[in-house]
Amino acid sequence: MAYKQHFIEWFSGKQLPSYWTTTSVVSDAMSDSVDGGYSFASGTGTWDTGAINFNQKRTFSPTTAVAITVAKRTGNGYMINGFNDSNNTWNSSSNEAAISNLYSATYLAGFNADGTTQSQGNLTQAVDTDFHTQKVECGTTATNYSIDNVLGLTRGTNKPIAEMQPIVSAMHYNSGSAPTAHVRYMECYNT
């Protein structure tokens, strides 16, 4: 299959563009500030997940796709961004290549899943609530994960094997406030 998809999204304006689909988002808003971007929150139940995605339009290759996202997390839980073949599920039954920011972890993590098994490894960037440029590169033998243009992890295990869509998620972990994902920019393309 020939992949020819490339898009760039600056999250600005009055509302989220109509080609994005929200899934289980409890609250959302476009920020009325310079470079504020779009923010959205999940519910407060354990594993409640809110996401923006392409409504199962999977046009990105598991072996040649790149996702670049400028985003941050606030609140308790995860913010996850990159590629997935599900609307908002992050587990071993999905195909995924993404970066996660879990409030209780020490470092950001890179996730891979091949539809059977999910695995992860730590990047070199400590968890925080600042905006970072996060890059996921799906290759033929490994997935590369970079933060602010610095390679932090290469993983060859459990690489995705199916086409995926761009996704940004906020997932509640187990207690405290619901997480909010803040996204300024996303670019995805097949190399």
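Our structure is the block above this text.
Every value quoted in this text rests on a predicted model; they were computed, and no experiment measured them.

Visitor: Please set out the side chain of S86 residue by residue, giving values where relevant.
Guide: When you line up the elements, S86 lands in the loop between β7 (78-84) and β8 (95-102). Classification of S86 by relative accessible area gives buried; the value is 12%. Looking at S86, its side chain comes within polar contact range of the main-chain nitrogen of T89, at 3.1 Å.

Visitor: Explain the pairing of strand β15 (residues 180-190) residue by residue, including any values.
Guide: Among the eleven residues in β15, ten count as buried, and that is most of the element. Where strand β1 (residues 6-10) meets β15, five bridges bridge the pair, whose relative direction is antiparallel. Following the sheet pairing, W10 is matched in β15 by Y185. Strand direction decides the pairing type here: strand β4 (residues 38-41) and β15, joined by four bridges, are antiparallel. Of the residues in β15, the one forming a bridge with S39 is H182. Both strand β6 (residues 65-74) and β15 contribute to a ladder of ten bridges, which runs antiparallel. Within the sheet, the bridge partner assigned to K72 lies in β15 and is H182.

Visitor: Any details on the nonpolar core? Residues and values, ideally.
Guide: Most often, soluble globular proteins keep nonpolar side chains buried together rather than apart. Counting residues in each nonpolar core, the largest one holds 32 residues, and the members touching the most others are F11, W20, Y38, I52, F83 and M186. Those elements giving two or more residues to this core turn out to be β4, β6, β7, β8, β11 (132-138), β12 (143-147), β14 (165-171) and β15. Counting residues per element, this core draws most heavily on β15, at four residues. Residues A51, L102, A109 and F111 belong to the second largest nonpolar core, which totals ten residues.

What counts, and where the lines are drawn
- Note on numbering: residues in each chain are counted from 1, in written sequence order.
- The model is predicted, so local features are restricted to residues of pLDDT at least 70 and side-chain atom pairs to those at 80 or more, both for listing and for counting; the totals for chains, interfaces and linings are taken over all residues.
- Water and hydrogen atoms play no part in the side-chain values, which are based on all heavy atoms of the structure.
- What counts as a helix is a DSSP run of H or I of at least four residues, what counts as a strand is a run of E of at least two, and both are numbered from the N terminus.
- Exposure is judged per residue with a 1.4 Å probe applied to protein chains only, and the accessible area is read against the type maximum: over 50% gives exposed, under 20% gives buried, and values in between give partly exposed.
- Here a polar contact is taken to be a pair of N or O atoms separated by no more than 3.5 Å, where protein atoms must pair a possible hydrogen donor with a possible acceptor and residues adjacent in sequence count only if both atoms sit in side chains.
- Two strands form a pair only when DSSP identifies at least two bridges running between them.
- What is meant by a nonpolar core is a set of buried Ala, Val, Leu, Ile, Met, Phe, Trp, Tyr and Cys residues, joined one to another through side-chain atoms within 4.5 Å.

Keep in mind these values describe shape, not function.
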